[in-house]
Amino acid sequence: MDSIQDIAISKIADILSSSKLLTLEVDIWKKIFNNAGLSEYFQQRKPQFTIRIESYGGNPSDVYYNNNERCYNGLHETFMDMVITNSNEELFNLLNNIVCRLNMNRVFKEDIEDDLSRTYRKYGNMYLDDYLKKLSIQQKNEILMKYPSKIFMQLRTNVNILGLDICFDDEALCIMPFTGSLRESSFDNSVILQWLSGHYENIAESYIDAMKAYSVSDEVGCIAHCRNIITGIFTYKKAAQRKWLDGMQKVCCKDKNILNVPINKIPEFKYNANAEDVNARYQYPRYNLIYKLYSYTCALGAHKNEGNVNQAGVEFEDATLEDAFFALRMTEDLLIWLYQTNAIE
């Protein structure tokens, strides 16, 4: 069976070759490949990327451009070649040069101007392009999350499976990784970091510190920073004079019955469909998963030395770099989930 990444690549190639998301013109694919510095890939499959030009009635305005029937194969084979050879940078550059040419009127839902006129009343009634010129990068990314077209959402979801996202940077759409490379010195090229920096600056700092700690093999420091991210991000959702767990309870509101349970009791419950206490008949899956991640980062981070005492001394936990990588990736996944669900906003 094909992997989920292989299926995602197939769907991306299908959407780009068969939909009108991309504004087509003569030599569009040649321009895309050449601008990405990947002209050799284009030359290898040039016939597959030839644009069909159709004219009706002899009127110059009635000229239509379409991908030929072999475009899907050309894109799919190219993407797969890059994956097989671990050419992540090439794939990134190619996708980046594709998405910057997407047709904005097909990226967003058809009646978006009506919604924008209500949200941004000070600008009055305008066309989509005019709104995009007025809005900040943060505002443009917010409407991209809120008002996408169905076909763009399909493209974005499959790009997400590859660990990437489509978002605005300056005036154009671009490809960004969900998380920055852990082995590089720069950590500012991440969608998640961009989101945190714009809304929760202290959490962004902890996220950067966690990645930096990992990059210098400080496993305990990395795990401790992950704990600070977890407790800190949910603090924004808590009520006054309450602990961060109150915020996590609210974020996990889709867990059945969770809002009916005293917050200090949830970790104690073990699922039992026949329990006398009705609250113990529910599983609280989201809450318990996140709480286990928090416990993991406590035990191997800030509280690693708080073990049992025996004749040999303290039985402290021994955190490894692999443990730190595990904590960081799980914490990043939690942040991605919060970003995608707008649970903290």
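Remember, it's a predicted structure, so these values are computed and weren't measured experimentally.

Conventions used here
Residues numbered from 1 in each chain as written. Predicted model: local features only at pLDDT ≥ 70, side-chain atom pairs only at ≥ 80, totals over all residues. Heavy atoms only, no water. Helix = DSSP H or I, 4+ residues; strand = E, 2+ residues; numbered from the N terminus. Buried < 20%, exposed > 50% of the residue type's maximum accessible area, 1.4 Å probe, protein only. Contact = heavy atoms within 4.5 Å. Areas by Shrake-Rupley, 256 points an atom, 1.4 Å probe, with all protein chains shown as cover. Lys, Arg positive; Asp, Glu negative; His and termini not counted. Charge placed at Lys NZ, Arg CZ, Asp CG, Glu CD. Expected span 1.5 Å × (residues − 1). Salt bridge = Lys/Arg side-chain N within 4 Å of Asp/Glu carboxyl O. Polar contact = N/O pair within 3.5 Å; in protein donor to acceptor, adjacent residues only side chain to side chain. Phe/Tyr/Trp six-rings, centres within 6.5 Å; stacked < 30°, edge-to-face > 60°. Core = buried A, V, L, I, M, F, W, Y, C linked by side-chain atoms within 4.5 Å.

1. Examining the overall build of the protein chain
Phase 1: Helix and strand content of the protein chain: 16 helices and 6 strands.
Phase 2: By principal-axis analysis of the C-alpha atoms, the protein chain measures approximately 90 × 50 × 40 Å.
Phase 3: For the protein chain, with 345 residues in total, the buried portion stands at 44%.
Phase 4: Partitioning the contacts of the protein chain with sequence separation of at least 6, the portion at a separation of at least 24 is 59%.
Phase 5: Of the roughly 18,800 Å² of accessible surface on the protein chain, a fraction of 47% belongs to carbon and sulfur atoms.
Phase 6: In the protein chain, which carries 37 positive and 46 negative side-chain charges, the distance between the mean positions of the two groups comes to 7 Å.

2. Thoughts on helix H16 (residues 321-341)
For an α-helix, the turn length of 3.6 residues means that residues three or four places apart are oriented alike.
Phase 1: Between the first and last C-alpha of H16 there are 30 Å, a value that for 21 residues agrees with the 30 Å anticipated at 1.5 Å per step.
Phase 2: Looking one or two residues beyond H16, the residue adopting positive phi is Asn 342, at roughly 55°.

3. A short note on the pattern of salt bridges
Phase 1: Taken as a whole and assessed by the stated rule, the structure comprises 12 salt bridges.
Phase 2: Measuring nitrogen to oxygen at the nearest pair gives 2.4 Å for the salt bridge that ties Lys 31 to Glu 25.
Phase 3: Accessibility expressed as a relative area gives 26% for Glu 25, which makes it partly exposed.
Phase 4: Note that Glu 54 is salt-bridged to Arg 52, the shortest N-O span being 2.4 Å.
Phase 5: Members of the salt-bridge network, linked through shared partners, are Lys 109, Asp 111, Asp 115 and Arg 118.

4. Remarks on helix H10 (residues 150-161)
Phase 1: Under the 1.5 Å per step criterion, the end-to-end length of H10 is 17 Å for 12 residues, consistent within 8% with the ideal 16 Å.
Phase 2: Those residues of H10 lying buried are Phe 152, Leu 155, Arg 156, Asn 158, Val 159 and Asn 160.
Phase 3: The inward-facing, buried residues of H10 contact helix H1 (4-18), helix H6 (104-107), helix H9 (137-146), strand S3 (164-169), strand S4 (172-177) and H16.
Phase 4: Within two residues after H10, Gly 163 carries a phi angle of roughly 85°, on the positive side.

5. As for the side chain of Asn 66
Phase 1: Checked against the element boundaries, Asn 66 lands in strand S2 (residues 63-67).
Phase 2: The class of Asn 66 is buried, set by a relative accessible area of 16%.
Phase 3: Looking at Asn 66, its side chain comes within polar contact range of the side chain of Lys 20, at 2.5 Å.
Phase 4: Excluding residues that lie within four positions of it along the chain, Asn 66 makes contacts with Lys 20, Leu 24, Ile 51, Arg 52 and Glu 54.

6. Brief notes about the packing of aromatic side chains
Phase 1: According to the stated counting rule, one finds 15 aromatic pairs in the structure shown.
Phase 2: Centre to centre, the rings of Tyr 287 and Tyr 291 are 6.3 Å apart; their planes meet at 10°, and the pair counts as stacked. Taken together, the positions of Tyr 287 and Tyr 291, both in helix H15 (residues 285-302) and 4 residues apart, correspond to about one turn of that helix.
Phase 3: Exposure remark for Tyr 287: the relative accessible area of 0% places this residue in the buried category.
Phase 4: Here Tyr 291 falls in the partly exposed class, since its relative accessible area comes to 23%.
Phase 5: One aromatic cluster in this structure is built from Phe 234, Trp 244, Tyr 287, Tyr 291 and Tyr 294.

7. Some words on the nonpolar core
Phase 1: Ile 192, Leu 196, Tyr 207, Phe 234, Tyr 287 and Leu 338 are the most contacted members of the largest nonpolar core, which totals 54 residues.
Phase 2: Where this core is concerned, the elements lending two or more residues are S4, helix H11 (191-199), helix H12 (201-215), helix H13 (219-235), helix H14 (244-251), H15 and H16.
Phase 3: The dominant element in this core, judged by the number of residues it contributes, is H16, at 8 residues.
Phase 4: With residues up to four places along the chain from it excluded, the contact list for Leu 196 reads Glu 201, Ile 203, Ala 204, Tyr 207, Ile 233 and Leu 335.

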